[in-house]
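Examination of the molecular architecture
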Amino acid sequence: MARRSDTPTRSEVTEKVEKHQDDMNDKAEDVEETVSDIETVRRTLDSLDLGGTSEGADEVEGAIEGAEDIGVGEFDEESQELEQIQGETEEHESELGERSDTTTSDMEKISDASSQIHSDAAGSELAKAEDNARRDIEFLTDQAGSAQTAREESQRLHTEHQARVDSGRRS
Amino acid sequence: MSGDVDVAKKNVDLDQVEDSLEYAHEQIEKLDRSVHSLPKVDEDGNSECPFAEELYAQKEDIQAQLNGQLKGLYEKQEAIDAENTRCKNNLVVISAHERRIHRDSVRDQYSQAEVELCARIECLSEMQERVTKTIKDVQAALAGASEKYYPGKCPQDGEASGTPSPGGTTDDRELDDLLEIEQER
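Residues numbered from 1 in each chain as written. Chains lettered and ligands numbered in written order. Predicted model: local features only at pLDDT ≥ 70, side-chain atom pairs only at ≥ 80, totals over all residues. Heavy atoms only, no water.

1. Remarks on the overall build of chain B
Across its full length, chain B holds 5 helices and 0 strands. Overall, chain B shows an N-to-C arrangement of helices and strands of α-α-α-α-α. Expressed as a percentage of its 185 residues, the buried residues of chain B come to 42%. In chain B, 79% of the contacts between residues at least 6 apart in sequence involve partners at least 24 apart. Looking at chain B as shown, the accessible area adds up to about 10,600 Å², and 47% of this sits on carbon and sulfur atoms. (Helix = DSSP H or I, 4+ residues; strand = E, 2+ residues; numbered from the N terminus. Buried < 20%, exposed > 50% of the residue type's maximum accessible area, 1.4 Å probe, protein only. Contact = heavy atoms within 4.5 Å. Areas by Shrake-Rupley, 256 points an atom, 1.4 Å probe, with all protein chains shown as cover.)

2. Quick notes on the interface of chain A and chain B
If you look at the interface, chain A gives 30 residues, while chain B gives 22 residues. Regarding the contact of chain A and chain B, the summed buried area is about 2,100 Å², with carbon and sulfur atoms giving 56% of it. Viewed at the interface, chain B and chain A are joined by 3 salt bridges. Of the charged contacts, one joins Arg103 of chain B and Glu33 of chain A as a salt bridge, the two residues approaching to 3.1 Å between their closest N and O atoms. Linking chain A to chain B there are 12 residue pairs in polar contact (both at pLDDT 80 or more). Considering every element that reaches the side of chain A that touches chain B, the biggest residue donor is helix 2 (residues 55-116) of chain A, with 13 residues. When the residues that make up the side of chain A that touches chain B are grouped by side-chain class, the tally is 9 nonpolar, 13 polar and 8 charged. (Buried area = accessible area lost by both parts, 1.4 Å probe. Salt bridge = Lys/Arg side-chain N within 4 Å of Asp/Glu carboxyl O. Polar contact = N/O pair within 3.5 Å; in protein donor to acceptor, adjacent residues only side chain to side chain. Nonpolar A, V, L, I, M, F, W, Y, C, P; charged D, E, K, R; others polar.)

3. Some details on a negative patch on the surface
Residues and elements named next belong to chain B. Residues Asp13, Asp15, Asp19, Glu22, Glu26, Glu29 and Asp32 make up a contiguous surface patch of negative charge. Among the structural elements, Asp32 can be located in helix 2 (residues 14-36). You can call Asp32 partly exposed: its relative accessible area is 38%. (Patch = residues over 30% accessible without salt bridge, like charges linked within 9 Å, V, L, I, M, F, W, Y side chains within 5 Å. Lys, Arg positive; Asp, Glu negative; His and termini not counted. Charge placed at Lys NZ, Arg CZ, Asp CG, Glu CD.)

4. Description of the nonpolar core
Core analysis: the biggest nonpolar cluster contains 41 residues, and Ile64 of chain A together with Leu31, Ile94, Tyr110 and Val138 of chain B have the highest contact counts within it. Mapped by element, the contributors of at least two residues to this core are helix 1 (10-47) and helix 2 of chain A together with helix 2, helix 3 (52-98) and helix 4 (104-146) of chain B. By residue number, the principal contributor to this core is helix 4 of chain B, which donates 13 residues. The residues touching Val138 of chain B, leaving out its near neighbours within four places in the chain, are Ala24, Ile28, Leu66, Leu70 and Leu73 of chain B. Counting residues in each nonpolar core, the second largest holds 7 residues, with Val17, Leu140, Ala144 and Ala147 of chain A among its members. (Core = buried A, V, L, I, M, F, W, Y, C linked by side-chain atoms within 4.5 Å.)

Below, the structure is given as structure tokens:
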């Protein structure tokens, strides 16, 4: 069966899946740092003894509260970027799934054709094609599974991060 | 010193302290003028001035007012000291936490807080020096004024020495000041 020119090669598929995994991991590390900053800022606010209102105390409190606002703003931005990568990963999973379905359909057609062929040479070629298709399906299923596992882990981690940020929000 | 915990926990209104210092200096001048205008009176209370007793009584009133001022200044000194300590502790906390921050934009806010705290500490330290100096001035004025009293009317304890001794104990520093004044005389 001829390969379509716009169909990515196996190495391209693997690269893309790995890139999404790396991007999600990198972003998760950024988010972890930002969440850690937010928690540090909140500990700072809890630890300060500002002794009520005065010009100096208000400004100190304002600066540290500003630090929290900046941290939460960074978290929101990074969350959006992470969600975008997760979205792209999910889209890729769907593409891989569709390709796997198409290949399964092709394999069934090959299998049907194979049962009607009596020539050994042609039968052997069809068997080879069927075998290739089976390996393609396995590969695509594996890659889609890896991408899904990485994305779901990233989403689980992000839910934890979000909970940490929400738990200490100022009222 | 005064044992007023609430006062010590509140932040100091520096404008109010400034007003108190100004008022204390006005009272010192008033007491000084009053002391210098006291007529001579012998041991039996005789004087050439017919208003001698009233003038001495006026001096005692001003002296009592200034003594009240002194108590207020001790409280302010304590409050400034407490806030200064709080600010320094806060600076330690902020500096320690700042080192754990990853994002520059967040760290910048910590730097800003540190600048604010340092500025406040400087203002408080300057004001502390001025309050301490004013306390010494008041003590000196009270000590000088207590030397002069109408015969048979001993000045009250504390008021006479200019040491209201907050907390009920005599401050060694104040005694030193008094001795110094005595030596100068």
